[in-house]
Amino acid sequence: MIESEVLVSEVVGRGTVLAGRYRVLSPVVSDLEGASAWQATDQILDRPVRVRILEHGAVAPALDAARRAALVTDSRLVRVLDVGTHEGYGYVVSEQLVGPSLARLVAQEPLTADQARAVVGEAASALEVARRRGVHHLALRPSVLHVSPDGRVLVGGLALDAALLGDSGGDARSTSRADAVGLVRLLYAALTGLWPADPRTPQTPGGETLPPAPIVDGAPVAPADLVPGVPNDLDTLCVVTLGPNDDGPHSPGELVRELEPWGEIRSSVSEPATPGGAVTALFPPTGAAAPGGGVPVPHEHDARDTAPVTVQRNSVRSAFQQQDPPGANRPGTPPPATPARNRSVGAAAVESDTAAATTPLPPAPTPTPRPQAQPQPLPPPVPPSVQRRPVSQTTSAAPAASSVPPVAREPRPQRQPEPEPQPRDDDPFDFGDVIGADNGPPSKNRFNATALVLIVVVAVVILGVVLAFRALFSSFDPASGSADEGPEPSQSAAAPPVAEPSEGAPAEEPPAPVAAPPVIASATSIDPSDADGEHEEDVAKAFDGDPGTYWYTQTYKRDDFAGFKDAVGYVINLAEKTTVSTVTLRTNSAGGNVEVRATDAANPTAGTVLASGAFGPDTVLTLNPPTETQSLVLWITQLPTASDGAFRLEVTEIALS
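Here goes a summary of the coordinates provided. (Residues numbered from 1 in each chain as written. Predicted model: local features only at pLDDT ≥ 70, side-chain atom pairs only at ≥ 80, totals over all residues. Heavy atoms only, no water.)

Buried residues dominate strand 3 (residues 35–42), accounting for seven of its eight residues. Note: strand 2 (residues 22–28) against strand 3, six bridges, orientation antiparallel. Residue pairing across strands places arginine 23 opposite threonine 41, the latter belonging to strand 3. Taken together, the eight bridges between strand 3 and strand 4 (residues 47–54) define a ladder with antiparallel strand orientation. The partner of glutamine 39 across the bridge, within strand 4, is arginine 50. Remark: four residues form the turn of the hairpin made by strand 3 and strand 4, two consecutive strands paired antiparallel; aspartate 46 in that turn has positive phi of roughly 55°. (Buried < 20%, exposed > 50% of the residue type's maximum accessible area, 1.4 Å probe, protein only. Helix = DSSP H or I, 4+ residues; strand = E, 2+ residues; numbered from the N terminus. Pairing = 2+ DSSP bridges.)

Structure representation (structure tokens):
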């Protein structure tokens with residue numbers, strides 16, 4: 001029985017129920033002094049969990065670290081479910097760790113280079129998510145990195161293990177660098193099966209212990225000198241990072257960029273059920289026999305399994321190629337509209353209308369009634385081929401506005417019919433009376449307004465031409481703009497008056513050129529505690545013209561940067577020295593405070609504060625006085641509140657004027 005189990009046997013043991021909910025079942029190995037680990041079950045949700053009992057040491061900081069780790073959500077990080085105390089002992093409830101640890105995986109045979117890259121790359125991605133939330137591990141070792149049977153990486157002990165070891169971390173730069181170096185140590189162990197121990201990290205006891213890596217000149221021997229076939233990039237990464245100089249990646253995100261891309265993680269290993277702790281190798285070595293005998297499994301198959309998965313994508317062109325053939329109606333498409341009938345188009349229609357309008361013809365079959373078309377404001381002239389009424393009749397065309405269909409009538413003696421009112425003849429623009437020789441004699445009651453309309457149109461055109469010439473030549477006559485002359489009545493009635501300069505008035509000066517707004521050439525961020533700045537890779541997104549992208553600071557628990565620093569800066573470098581009057585900030589945050597100075601990144605707090613204020617959707621900072629400069633510093637002394645309630649600044653666009 002391990003020592004940690006004996007220490008809590010009087011308080012916590014098999015059958016103990018914590019918080020009236022978590023029933024302790026059996027102990028598991030714990031490699032941290034002052035803490036024990038147990039398998040337990042959540043009696044409310046009926047699921048297995050893992051319980052860490054904090055017996056002595058920095059219990060209060062460890063519980064606070066566990067609470068901070070619970071705020072980080074990532075499928076590769078062991079999730080903290082509950083934190084509390086039981087009879088003076090602290091406890092932390094988390095998800096159950098499944099799958100063997102990295103130490104047990106490499107105990108018999110190191111991982112292949114592809115699998116080592118994938119396992120450590122996934123762990124680095126998870127810790128980069130935590131780093132952006134201000135949480136660091138600081139106690140990475142082979143026992144906290146597990147690979148589940150379904151090929152998923154799990155990292156446990158985030159922030160909690162370091163607090164139990166008394167490591168309070170430091171500034172943001174040192175903590176990020178510590179996690180990056182710890183991940184490279186895990187990469188070295190995965191490639192060689194040896195552990196390049198850090199003096200600050202305790203050795204893993206019992207079955208989790210790995211042989212130490214050989215040290216030459218204060219640094220571990222290169223992995224390629226110990227295991228053949230290690231790629232040059234991984235070998236160089238380990239040598240440079242674990243060497244005496246402060247080289248290599250300084251954050252888990254930088255390590256991700258060094259390792260990517262990686263393939264799928266293959267794992268078919270389950271925890272051993274037999275005593276003795278024998279573990280099957282995660283990946284069969286070169287020449288290893290297949291289970292049950294057979295042909296040895298070569299490493300060529302690793303490249304196929306670790307290759308990136310090909311995703312089938314639908315092409316936009318192929319989607320358009322599946323359209324229906326031309327002329328086919330798609331579902332839900334209404335049928336085409338019926339063309340409107342035109343009485344003047346088609347010989348059949350003209351003959352039908354003419355037959356219906358002709359009265360003195362011999363008896364004929366009754367034509368089929370049809371809907372009467374609406375009268376057109378300007379009907380086209382009647383073709384000469386259309387049959388018309390005899391000259392003895394007064395009508396020149398068929399009545400167009402009749403709403404009763406024509407009816408066949410009996411023949412009657414020819415006589416002079418009395419004139420009938422015709423709607424079409426009332427139209428002053430009816431040109432049917434003047435075009436064609438067979439219209440018949442004009443009626444005494446009709447008045448032809450065509451001549452009058454033409455006279456009026458010609459008069460208006462002549463008047464417009466005269467006024468246009470007068471307005472054109474009046475600009476050359478100095479006396480035409482005299483104040484004694486008023487606008488002519490005909491001119492004011494026919495066209496708007498033309499503005500003319502008054503006598504003796506100075507010539508109008510051309511408008512002054514509008515100064516172009518200052519152009520932002522580049523930008524950089526300032527973090528007093530980290531030379532890399534804050535999200536330096538996204539600084540250009542604050543002036544790229546796309547409001548959907550933004551530069552943002554790290555997320556903190558308080559608006560004073562949680563005590564890690566006093567302020568954060570954003571430096572704007574202009575394309576040329578320009579006078580700046582206002583700075584407009586469009587943000588996704590509210591509150592906080594920012595100061596504007598005409599200085600550079602070397603002296604961000606030098607000079608006078610030209611403007612200051614809180615953040616909002618559209619923050620306009622007016623410089624007092626407007627300053628000619630080539631660089632501005634936005635010095636953020638207090639963080640605003642983001643949309644999720646945390647303290648973080650998100651700047652979508654910056655505009656200067």
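This part covers the packing of helix 6 (residues 172–192) against helix 9 (residues 252–259). One can describe the packing of helix 6 onto helix 9 by two numbers: an axis separation of 8 Å at closest approach and a directional angle of 35°. Packed against helix 6, whose contacting residues are Ser176, Asp179, Ala180, Leu183, Val184 and Leu187, the element helix 9 presents Pro252, Leu255 and Leu259 at the interface. Its residues assigned to classes, the contact of helix 6 with helix 9 shows seven nonpolar, one polar and one charged. (Axes fitted to C-alpha atoms, helices over the stretch in contact; angles between N-to-C directions. Contact = heavy atoms within 4.5 Å. Nonpolar A, V, L, I, M, F, W, Y, C, P; charged D, E, K, R; others polar.)

Every buried residue of helix 2 (residues 59–69) is listed here: Val59, Ala62, Leu63, Ala65, Ala66 and Ala69. Taken around the axis of helix 2, the buried residues stretch over an arc of 160°, which confines them to a single face. Elements in contact with the buried residues of helix 2: strand 4, strand 5 (80–86), strand 6 (89–94) and helix 5 (160–164). (Arc of directions from axis to C-beta.)

Bringing the pattern of salt bridges into the picture now. Under the definition given, this model contains 21 salt bridges. A salt bridge links aspartate 527 to lysine 565; its shortest N-O distance comes to 2.8 Å. One end of the pair, aspartate 527, is in the loop between strand 11 (520–526) and strand 12 (551–552); the other, lysine 565, is in the loop between strand 12 and strand 13 (568–587), and 38 residues separate them in sequence. Here aspartate 527 matches lysine 565 in class, with each residue buried. When salt bridges with common partners are traced through the structure, they connect Asp31, Arg52, Arg141 and Asp161 into a single cluster. (Salt bridge = Lys/Arg side-chain N within 4 Å of Asp/Glu carboxyl O.)

What follows concerns the sheet that holds strand 2. What the six strands build is an open sheet, ordered 1-2-3-4-6-5; its pairing is antiparallel. Single-partner strands in this sheet number two, and they are strand 1 (17–18) and strand 5. Examined bridge by bridge, strand 5 and strand 6 share six bridges and lie antiparallel to one another. Within strand 6, the residue paired with histidine 86 across the bridge is tyrosine 89.

Here we take up the packing of helix 4 (residues 113–132) against helix 6. Closest axis-to-axis distance for the helix 4/helix 6 pair is 9 Å, and the angle between their directions is 160°. Overall, the two elements helix 4 and helix 6 adopt an arrangement that is roughly antiparallel. Both helix 4 and helix 6 take part in a crossing whose hand is right-handed. Across from Ala113, Ala116, Arg117, Val120, Ala123, Ala124, Leu127 and Arg131 in helix 4, the residues of helix 6 making contact are Ser176, Leu183, Leu186, Leu187, Ala190 and Leu191. Its residues placed into classes, the contact of helix 4 with helix 6 shows eleven nonpolar, one polar and two charged. (Parallel < 35°, antiparallel > 145°, perpendicular 65-115°, else oblique. Left-handed = near helix turned anticlockwise from the far one by under 90°.)

Taking 1.5 Å of rise per residue, the 21 residues of helix 6 would be expected to cover 30 Å, and the 31 Å separating its terminal C-alpha atoms lies within 8% of that figure. Burial within helix 6 is extensive, with 19 of its 21 residues counted as buried. In the segment just after helix 6, glycine 193 is the residue with positive phi, at about 80°. (Expected span 1.5 Å × (residues − 1).)

Turning our eyes to something else, we now look at the side chain of arginine 648. Among the structural elements, arginine 648 can be located in the loop between strand 16 (619–638) and strand 17 (650–656). Looking at arginine 648, its side chain comes within polar contact range of the side chain of aspartate 644, at 3.4 Å. Only 2.9 Å separates the side chain of arginine 648 from the side chain of glutamate 650, close enough to count as a polar contact. The residues contacting arginine 648, other than those within four sequence positions of it, are Tyr552, Thr553, Gln554, Thr555, Ser589, Pro640, Thr641 and Ala642. (Polar contact = N/O pair within 3.5 Å; in protein donor to acceptor, adjacent residues only side chain to side chain.)

The subject of this paragraph is the nonpolar core. The biggest cluster of nonpolar side chains holds 65 residues, and the ones touching the most others in it are Leu54, Leu183 and Leu187. With ten residues, the single largest contributor to this core is helix 4. With residues up to four places along the chain from it excluded, the contact list for leucine 183 reads Val120, Ala123, Ala124, Leu127, Leu140, Pro252 and Leu255. (Core = buried A, V, L, I, M, F, W, Y, C linked by side-chain atoms within 4.5 Å.)

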